[in-house]
Amino acid sequence: MEKPTTGLNRTLSRILIWLPSLALLLFYVPNALDKLINHDQTGKIVESSAVMITAGVFILIGTALFLYHRTILIGTSMLVLYMTPIVLIHLYKGKPAEIVMLILIATIFAAYIRRPQLFSRDN
């Protein structure tokens, strides 16, 4: 027989479900703010300030949509759409791309943990 869920178990479960999303938040938000504040970065593939500002706004919007329950799929898609070219750029420049790939996979994983029904075939 199953034990009834207590308030502590429910709270702990909710914290553990949100933990990967909050860890990703610690990556995406500083990255976006760096692109907005320090938009004249050199040594990048595209050194245009307009592109950096646009990327920063895109990341912030994607992160906000990723955190909101009803728009998690749109936010995840935006963040994955941003991170996929970043992986390719890291591979092209010969930089270590493993961490970037892990962040990309963690974004999809965090969305799956929070809304597994989005990934089922029975929708």
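Residues numbered from 1 in each chain as written. Predicted model: local features only at pLDDT ≥ 70, side-chain atom pairs only at ≥ 80, totals over all residues. Heavy atoms only, no water.

> What exactly am I supposed to notice about helix H4 (residues 98–114) here?
Two residues of an α-helix separated by three or four positions point the same way, owing to the 3.6 residues in each turn. End to end, H4 covers 24 Å across 17 residues, agreeing with the expected 24 Å (1.5 Å per residue, within 8%). Burial in H4 covers these residues: Val100, Ile103, Leu104, Thr107, Ala110, Ala111 and Arg114. End-on view of H4: buried residues confined to an arc of 125°, all on one side of the axis. Those residues of H4 that are exposed and angled more than 90 degrees off the buried face are Glu98, Leu102 and Ile105. Turning to H4, the residues buried within the fold contact helix H1 (7–37), helix H2 (49–67) and helix H3 (72–93). (Helix = DSSP H or I, 4+ residues; strand = E, 2+ residues; numbered from the N terminus. Expected span 1.5 Å × (residues − 1). Buried < 20%, exposed > 50% of the residue type's maximum accessible area, 1.4 Å probe, protein only. Arc of directions from axis to C-beta. Contact = heavy atoms within 4.5 Å.)

> Whenever I open this one, the packing of aromatic side chains confuses me. Can you help?
Aromatic rings in a pair are described by how distant their centres are and how their planes are angled relative to each other. Taken as a whole and judged by the stated rule, the model has two aromatic pairs. Ring centres 5.5 Å apart and planes at 70° place the aromatic pair tyrosine 112 and phenylalanine 119 in the edge-to-face group. When its relative accessible area of 42% is taken as the criterion, tyrosine 112 is described as partly exposed. Sitting above the plane of the tryptophan 18 ring, arginine 114 keeps its charged end 4.0 Å from the centroid. (Phe/Tyr/Trp six-rings, centres within 6.5 Å; stacked < 30°, edge-to-face > 60°. Lys NZ or Arg CZ within 6 Å of the ring centre and 35° of its normal.)

> Explain the confidence of the model for the protein chain here, please?
Segments scoring low in pLDDT should not have their predicted coordinates read at a detailed level. Of all residues in the protein chain, 92% have pLDDT values of 70 or greater, and the mean over the chain is 89. Taken element by element, the predicted model of the protein chain shows its lowest mean pLDDT in H1 (92) and its highest in H4 (95). (pLDDT = per-residue confidence, 0-100.)

> Help me understand the side chain of lysine 35, please; the structure alone is not making it clear to me.
Within the secondary structure, lysine 35 sits in helix H1. Excluding its chain neighbours within four sequence positions, the residues that come into contact with lysine 35 are Gln41, Met52, Ile53, Ala55, Gly56, Ile59 and Tyr82.

> Is there a simple way to think about H2 in this case?
Here H2 spans 27 Å end to end across 19 residues, near enough to the 27 Å set by a 1.5 Å rise per residue. For H2, the elements touching its buried residues are H1, H3 and H4. If you check the start of H2, you find a side-chain oxygen 3.3 Å away from the backbone N of alanine 50, and it comes from serine 48. (Polar contact = N/O pair within 3.5 Å; in protein donor to acceptor, adjacent residues only side chain to side chain.)

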